[in-house]
Amino acid sequence: LGGDVEELPDGLRITGHAPEGGEVDGFGDHRVVMSAAVLATACENPVTIVGAEAADKSYPGFFADFAALGGKIDVEHTGK
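About the cut-offs
- Residues numbered from 1 in each chain as written.
- Predicted model: local features only at pLDDT ≥ 70, side-chain atom pairs only at ≥ 80, totals over all residues.
- Heavy atoms only, no water.
- Helix = DSSP H or I, 4+ residues; strand = E, 2+ residues; numbered from the N terminus.
- Buried < 20%, exposed > 50% of the residue type's maximum accessible area, 1.4 Å probe, protein only.
- Contact = heavy atoms within 4.5 Å.
- Areas by Shrake-Rupley, 256 points an atom, 1.4 Å probe, with all protein chains shown as cover.
- Salt bridge = Lys/Arg side-chain N within 4 Å of Asp/Glu carboxyl O.
- Pairing = 2+ DSSP bridges.
- Right-handed = clockwise from strand over helix to strand, strands pointing away.
- Phe/Tyr/Trp six-rings, centres within 6.5 Å; stacked < 30°, edge-to-face > 60°.

So, on to the overall build of the chain. For the chain, the count of helices and strands is two helices and four strands. Of the regular secondary structure in the chain, the N- to C-terminal order runs β-β-β-α-β-α. With the C-alpha coordinates of the chain rotated into their principal frame, the extents come out at 35 × 25 × 20 Å. Going through the 80 residues of the chain one by one, you find that 21% of them count as buried. Across the chain, every contact between residues at least 6 apart in sequence was considered, and the portion connecting residues at least 24 apart equals 44%. A total of about 5800 Å² of accessible surface is found on the chain, and carbon and sulfur atoms cover 54% of it.

Looking now at the pattern of salt bridges. Two side chains that carry opposite charge are able to pair once their charged atoms sit near each other. What the rule picks out here adds up to two salt bridges. The partner of Glu 6 in a salt bridge is Arg 13, and the shortest N-O contact between them spans 3.0 Å. Where Arg 31 meets Asp 29, a salt bridge forms, and the shortest distance between an N and an O atom there is 2.7 Å. Its relative accessible area of 19% is what places Asp 29 among the buried residues.

All right, on to the pairing of strand S3 (residues 22-25) then. Sheet topology places S3 next to strand S4 (residues 47-50); four bridges connect them, and they run parallel. In the strand pairing of S4, Val 24 is matched with Ile 49. As a crossover connection, the stretch from S3 through helix H1 (residues 30-40) into S4 is right-handed.

Before going further, it helps to examine the environment of Ala 54. Structurally, Ala 54 can be placed in the loop between S4 and helix H2 (62-68). According to the relative accessible area criterion, Ala 54 is buried, its value standing at 12%. Measuring from C-alpha to C-alpha, the distance between Ala 54 and Val 32 comes to 8.9 Å, with 22 residues separating the pair along the chain. Residues in contact with Ala 54, not counting those within four places in the same chain, are Gly 28, Asp 29, His 30 and Val 33.

So, on to the packing of aromatic side chains. The final tally for this structure, using the stated rule, is four aromatic pairs. Aromatic pair Tyr 59 and Phe 62: ring centres 5.5 Å apart, planes at 75 degrees, arrangement edge-to-face. Centre to centre, the rings of Phe 62 and Phe 63 are 4.9 Å apart; their planes meet at 85 degrees, and the pair counts as edge-to-face. Ring pairs connect the aromatic residues Tyr 59, Phe 62, Phe 63 and Phe 66, which therefore count as one cluster.

Residues other than glycine seldom take positive phi values, yet Phe 27 does so here, at roughly 50 degrees. With respect to the secondary-structure elements, Phe 27 resides in the loop between S3 and H1. With a relative accessible area of 68%, Phe 27 lands in the exposed category.

Below you can see the structure in the form of structure tokens.
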């Protein structure tokens, strides 16, 4: 979405700049999906989160609450 990530033995080193947007794979992880959605609010271009339904694992109402707080969701592509 706008940055470089280096995998380290004990973590990640993230060097970023202004988030641009793009596509993120949620990898079936609710934490990745919700973090990507929050980061999307700062992106200049749209963000597609593949596997966004993973958020339902821990927070089934996440995207409804996200939208209620002003987050933009393309309902056509949510499958709901």
